[in-house]
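A structural walkthrough
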Amino acid sequence: MYISVAASGANAAISAVAGSRHVASPAPGKPRHSVIKTEKQLRESAAEKTSFSTGGLTLKHYFQQSLELIMASDGGGPPRWFSPLECGARMKDSPLLLYLPGLIGVGLGLILQHERLGKIFDIWCLHIPIRDRTSFTDLVKQVEDTVRSEYSGKPNRPIYLVGESFGGCLALAVAALNNDIDLKLILANPATSFTKSQLQLQTLLPSSIMFPQRLTSSFLDVLNLLSGTTSKMVAATMRKQLSLEQVIGEISQDTYTFLSPYLSVLSDVLTVKMLEWKLRMVKSAAAFANSRLHAVKAEALILISGQDHLLPSREEGERLSQLLPKCDIRIFNDCGHALFLEEGINLVSILVGASFYRRGKSLDYVSDYLPPSPSEFQKVYEPLRWIEVATNPVMLSTMESGKIVRNLSGIPSEGPVLFVGYHMMLGLELIPLVSRIWMERNIVLRGIAHPLMFTKLKEGNLPNLSAFDTFRVMGAVPVSAPNLYKLFSSKSHVLLYPGGMREALHRKGEEYKLFWPEEAEFVKMAARFGAKIIPFGSVGEDDIGQLLLDYDDLRRIPYLKAAMEDLTNETVKLRSDAGGEVSNQEIHLPIILPKVPGRFYFFFGKPIETEGRRQELRNKEKCDMLYLEVKRDVEKCIGYLQEKRKNDPYRNILARLAYQAVHGFDSEIPTFLL
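Residue positions are given per chain, counted from 1 along the sequence in the order it is written. With the structure being a predicted model, the display of local features is reserved for residues of pLDDT at least 70 and the display and counting of side-chain atom pairs for 80 or more, all residues being used for whole-chain, interface and lining totals. Heavy atoms from the whole structure form the basis of all side-chain values; hydrogens and water molecules are not counted.

1. Some details on the pairing of strand E12 (residues 417-421)
- We call a residue buried when its accessible area falls under 20% of the maximum for its residue type, exposed when it is over 50%, and partly exposed in between, using a 1.4 Å probe and counting protein chains only. A run of H or I in DSSP counts as a helix once it spans at least four residues, and a run of E counts as a strand once it spans at least two, with each numbered from the N terminus. Along E12, 5 of the 5 residues are buried, which leaves the element largely enclosed by surrounding structure.
- Here E12 shows two buried faces, one formed by Val417, Phe419 and Gly421 and the other by Leu418 and Val420.
- Any two strands are treated as partners once DSSP identifies two or more bridges connecting them. Bridging between E12 and strand E15 (residues 493-496) involves 4 bridges; their strand directions are parallel. When the bridges of E15 are listed, valine 417 appears paired with histidine 493.
- Relative to strand E16 (residues 532-539), E12 runs parallel, the two being bridged by 5 bridges. Across the sheet, residue valine 417 finds its bridge partner in E16, namely lysine 532.

2. Some details on the nonpolar core
- Remark: nonpolar core denotes a set of buried residues (Ala, Val, Leu, Ile, Met, Phe, Trp, Tyr, Cys) joined through side-chain atoms within 4.5 Å. In terms of nonpolar packing, the biggest core is built from 111 residues, with Leu303, Phe419, Phe522 and Phe604 touching the most fellow members.
- It is helix H22 (residues 620-644) that contributes the most residues to this core, 8 residues altogether.
- Pairs of residues are marked as contacts when any of their non-hydrogen atoms sit within 4.5 Å. Not counting the four nearest positions on each side in its chain, phenylalanine 522 is found in contact with Leu418, Val420, Leu496, Pro498, Trp516, Ile533, Tyr627 and Val630.

3. Points about the sheet that holds E16
- Spatial strand order, E11-E10-E19-E16-E12-E15-E13-E14: 8 strands in an open sheet with mixed pairing. Strands with a single pairing partner mark the edges of an open sheet, and in this sheet they are strand E11 (404-405) and strand E14 (477-478).
- Here 2 bridges tie strand E10 (residues 394-398) to E11, and the two strands are oriented antiparallel to one another. Residue threonine 398 lies in a different strand from E11, and its bridge partner there is isoleucine 404.
- Against the sheet, helix H15 (residues 430-441) makes contact with E10, E12, strand E13 (445-449), E15, E16 and strand E19 (601-604), and its axis sits at roughly 55° relative to E19, the strand it touches most. For helices, the axis comes from a line fit to the C-alpha atoms of the stretch in contact; other axes are also lines fit to C-alpha atoms, and the angle between any two N-to-C directions lies between 0 and 180 degrees.

4. Side note on the packing of aromatic side chains
- Here a Phe, Tyr or Trp ring, Trp counted by its six-membered ring, pairs with any other such ring whose centre lies within 6.5 Å, and the pair is stacked when the planes are under 30 degrees apart, edge-to-face when over 60, and tilted otherwise. If you walk through the whole model with that rule in mind, you get 23 aromatic pairs.
- A ring pair is formed by phenylalanine 121 and tyrosine 160, whose centres lie 4.9 Å apart and whose planes are at 70°; its orientation type is edge-to-face. Highlighted residues: phenylalanine 121 in the loop between helix H3 (114-117) and strand E5 (122-127) and tyrosine 160 in strand E6 (residues 159-164), separated in sequence by 39 residues. When sorted by exposure, phenylalanine 121 lands in the same class as tyrosine 160, which is buried.
- Ring geometry for tryptophan 516 against tyrosine 627: centres 5.7 Å apart, planes inclined by 50°, an arrangement best described as tilted. Taken as a pair, tryptophan 516 in the loop between helix H18 (500-504) and helix H19 (523-529) and tyrosine 627 in helix H22 lie far apart in primary sequence, 111 residues in all. Of the two residues, tryptophan 516 and tyrosine 627, neither departs from the other in class, the shared state being buried.

Right under this line is the structure:
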């Protein structure tokens, strides 16, 4: 990785070599069509596709390259920006991202994120040399000048300030002073809670008089924590309930091999007096930022580590989320202070899940969406894979010839394609449906979703928006005609449930009954873009649970009736002006009695062509006829599966386990004859 460094304050430039690794990503995998694959084969196939990579970089490389960058600047000189060249080519109109580092100031805190971030951002990282004594207000002025200069040249794009620890204070200060600029703040364990932390002068520097020139080994151990030791390194020792000093000692023994050169250089350039000055600057930075929180109007995403042993970040995140007007928060329970150096943390995926990435003045859920890489998909899929394991879904599709096959070969590779089907209770079919199409066909299914997954009208008892990050990572889009238009125009594969929430929260005895509106809502839009419409049925909810208390039962209980009304008032109401049962979309959680799991079945009907029928389908009567045809096809798919599953000898999970015990747990389990 070659790094070019610009000294902003002196109009000078230097170059620093921090390694020489170049990583080329393989070409995207092509859709696979004709063979049946086991779940294991599908997952292995997915892993072979284009993937997110750190370029082989690890925490070891962070310390090594930090060492080289410190030596290149000789510990002195003014603060400067550098852009990691390993980021490579980026998307058109990518916004600027300014990374503002923590106390040590090296600026490589995003090193494990550079490759993926570099494809969607123009990344500049601030390097503050170890010996530099630029005041906090001067740092604010330097970042502010950069922000204003770059924004004046590209006023239609936002500027992201990623502030980590001390850098979080810097980002907040700049935002408070520049409300006329479109800034988006990403604050990772911000040091605004410094006065409540363990990083106090009286505890860390009691012997500064005795050792005035150089840091002792114990102080360097403190820096070990400050500059990048991850939570996994401290987990074992913290379980022993050791003091901070004891924890640091044990960690240092485990990581001494690759930390020792780094710490040795720090001991040469960082004296006790210098560390004392830096800690005082963090204290003043926290006071400066806290005094101006009321002036911050920028959108903010606060990222909090649950195992931060330096700052009380969890409490601070909650405090800031109450004070900042446009703020969202994500908590990572198993991570330590250096969040971006933790294994498994992917900032791009976090931004997509929080709907926090945009390239223009406002968020576009279609054009600003970033499809998941295989590693990102696996991270989303693994915690939910038990649903697929328990239900072992059977996937059937229909070829253009009308032949039914047990795979997804009948699904067109090229969009636009509109999947229209039946919504099982609580949307239980979504996980196997979306994951199988992604793994087998390399297709991201863009689901048209309820607004409650994206916005809340007020705080209450609905789940936090973070509960729906998984859906947004996998491409969910809030329901609206403009969004459907954009999806079709971008040739996407779109998933639509006309029955919506009323179908997914149906009553007793309403299994597999469609609750579609009378208006042909999607036909004209599909015809406008020549989209293929694929009707599909899904069956199996009655084999995994029995509806014990439904909407009608719950409303008979006064307390629950009031709670349901409160939940419904927390989010946008849909189809309130529509007639019939489809307009009854009151939010509630039915009580379901689990069963010994049966099996899920999916049947994708023959694609219905709308290409060349735009003029014809402007006629209301013909448009309604096609709408009813799609509805009948969905009902036929459901009926076909209900009848066929009666002859499936492996419908019950016990029969499937017995089969796999003989043939291997990765074997494909048979089903009924087609």
